[in-house]
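# Structure assessment
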Amino acid sequence: MLILPLHKPLTWATWPWMTTLLLLVNVVVFFGMQAGDTEAMTQAQRYYLHSGLAAQELPAYRQYLIDSGRGDEVQALDDEDESEQWAQLADASVNDLGFRAHLAAVAPGEDEQAQARWRPLRAEFDRRLEAIFTLRNMQRSSEWSPRRMLTAAFLHGDPMHLIGNMLFLVALGLLLEGAIGPWWLLGVYVVGAYGSSAASVLWRWGEHGGGLGASGAIAAMMGAFCAVWGRQPVRFFYWFWVVFDYVRAPAILLFPVWLGWEVFNLLSEQGARIAFEAHAGGLLTGVVMGALLVWMRQTRPAFLLDTPVAVGDDRWERAQRHLGRMENTEAESLLAELAAEQPHRFEVALARCRVARNAGQRQFLQRHALTLLRLSAADAAQVQAQWHLVQGMPADGVVLPAEVRAALASQWISLGHLQEAERLLALDGDAGPRDAQAQLWLKLALAHGARQPADQQRLLSHLLQAFPDQPQATKARFLLDNA
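Here is a short report on the structure shown in this document. (Residues numbered from 1 in each chain as written. Predicted model: local features only at pLDDT ≥ 70, side-chain atom pairs only at ≥ 80, totals over all residues. Heavy atoms only, no water.)

## A look at the overall build of the chain
Looking only at helices and strands, the chain has 25 helices and five strands in total. For the chain, whose C-alpha radius of gyration is 33 Å, the value lies well above the compact-globule estimate of 23 Å for 483 residues. With the C-alpha coordinates aligned to their principal axes, the bounding extent of the chain is approximately 115 × 50 × 50 Å. Classification of the 483 residues of the chain by burial places 44% in the buried group. Sequence-distant contacts, at least 24 apart, represent 69% of the contacts inside the chain between residues at least 6 apart. Within the chain, the 49 negative side-chain charges are centred at a point lying 9 Å from the centre of the 40 positive side-chain charges. (Helix = DSSP H or I, 4+ residues; strand = E, 2+ residues; numbered from the N terminus. Rg over C-alpha atoms; globule rule 2.2 N^0.38 Å. Buried < 20%, exposed > 50% of the residue type's maximum accessible area, 1.4 Å probe, protein only. Contact = heavy atoms within 4.5 Å. Lys, Arg positive; Asp, Glu negative; His and termini not counted. Charge placed at Lys NZ, Arg CZ, Asp CG, Glu CD.)

Structure follows, in structure tokens:
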């Protein structure tokens, strides 16, 4: 699942300078300081195997597992083939801090000569490991290291790991830095790094391994973004399996979705080798920081309330020109983009109906017509546009569902467009359940009120004749008797 806020255009006026600096630091660390670490790690592990060090330490590792109460792992180790045993041992020799402490306390070997042969080999292996920048700075499980908890947030495992994190960093940084300022953004990143690392250490205490990546700190930015933007509607892109689209929703609604997704993966994807607990910890840390910033009034309302405007966006004008020249494919392509970004824009939905009718595409006309009829009309002109569309639907071979018809009639009555509502209710076709129809006719009659008694009495009489078996008929009879 991918959810990415894309609410404001990236311009010089909105450029997030602290976000850019964080991006550059991550890139420089990966391509500069981490460069060559993969090869150095490969060489170190090759030395570990070929020098005979692994063969000397395997019995000690088995004994360490037994002494640690991990006898089941001993059995699993014995069931593996030799190459798998060496791979597991090589990993433990690097990442299992308990095993390394065991080796320091109890040198492996049956006698002093064997231990004397082991010590220089182990010293050389440790020297090679210490030369690897990533190993010196990554977060290690079952270890509380404030330095590593921070430095791990600037390390990455491979280029795709870096690119994915930096994509989210830029998208979130643009919206969060503009809302709280550069220094508070840096604070969210740093505190988020500690919060996410702490969650990972606590969750994985007793395990061996390590973690690295900016995703925990970026998750804190996600949480802070949700709290700072709050109920402000934001535009975001979502992608779930094969379903993707743009939509608008209050920012705070993204928090339970993001957190729920991380918790779900944490509980269901045990072998994914992804620190979902760090992501969840970062989200919780960030939302608390964001709430504190809102409470301390450290946000920038002008940035939050500013309506995003796409610079140089002339798609609507171009779509109108294509529509006027009957270039339906080109017009629909532009209108589809606008509809995805602005799903409640009435004139876009109306234009898509015109394109589908011009092209004779009944299936698309059905879909676009229902989209338009489900929108709330803002004025009399839009009500008239919806009514004209309804009038032409039989000729176009388009069906008006009863529930859409009822919702539209109710909306028009509430807006005071009573004549159009009566015409809509009187149309032939599926009008839905009789009780729902009777309720709408009663609502229409009551909407006329005392100012139009003749119309009210006419509609109440129609209700009595058309729906004598419904409870609303009793109300209509009472109102007529007491008029």
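## Some words on a nonpolar patch on the surface
A surface patch of nonpolar side chains, about 550 Å² in accessible area, is lined by W184, V288, L292, W295 and M296. Of note, W295 is situated in helix α14 (residues 276-295). (Patch = residues over 30% accessible without salt bridge, like charges linked within 9 Å, V, L, I, M, F, W, Y side chains within 5 Å. Areas by Shrake-Rupley, 256 points an atom, 1.4 Å probe, with all protein chains shown as cover. Salt bridge = Lys/Arg side-chain N within 4 Å of Asp/Glu carboxyl O.)

## Here's the deal with helix α18 (residues 346-358)
With 13 residues, α18 should cover 18 Å at 1.5 Å per step; its first-to-last C-alpha distance of 19 Å lies within 8% of that length. Every buried residue belonging to α18 is among F346, V348, A349, A351, R352, C353, V355 and A356, and all of these are buried. On its buried side, α18 packs onto α16 (315-324), α17 (328-341), α19 (362-374) and α20 (380-396). Phi for G360, located one or two positions after α18, is positive at around 70°. (Expected span 1.5 Å × (residues − 1).)

## Remarks on unusual backbone geometry
Backbone geometry places S142, a non-glycine residue, at a positive phi of 65°. Looking at the element boundaries, S142 is found in the loop between β2 (139-140) and α9 (146-151). Located in the positive-phi region is M326, a residue other than glycine, with phi close to 60°. Considering the arrangement of structural elements, one finds M326 in the loop between α16 and α17. Note on M326: relative accessible area 47%, which makes it partly exposed.

## Focus: the pattern of salt bridges
Here the structure, examined in full by the defined rule, presents 18 salt bridges. A salt bridge links E124 to R127; the nearest nitrogen and oxygen atoms lie 2.7 Å apart. A residue pair is termed a helical-turn pair when its members lie 3 or 4 positions apart in one helix, as E124 and R127 do in helix α7 (residues 112-130) at three residues. Residue E124 is classed as partly exposed on the basis of its relative accessible area, which comes to 22%. Among the ionic pairs, R458 bridges to E422, the shortest N-O distance being 2.6 Å. A residue pair is termed long-range when its members are at least 10 positions apart, and R458 in helix α24 (residues 453-466) and E422 in helix α22 (residues 418-426) qualify at 36 residues. Residues participating in the shared-partner salt-bridge network are E57, R100, R122 and D126.

## Quick notes on the pairing of strand β4 (residues 233-240)
Bridge analysis of strand β1 (residues 2-5) against β4 gives four bridges, and the strand direction is antiparallel. Bridge assignment links P5 to a residue of β4, and that residue is F236. Relative to strand β5 (residues 243-250), β4 is paired through eight bridges, and the arrangement is antiparallel. By the bridge assignment, V234 is partnered in β5 with A249. Two successive antiparallel strands, β4 and β5, enclose a turn made up of two residues, where W241 displays a positive phi of approximately 55°. (Pairing = 2+ DSSP bridges.)

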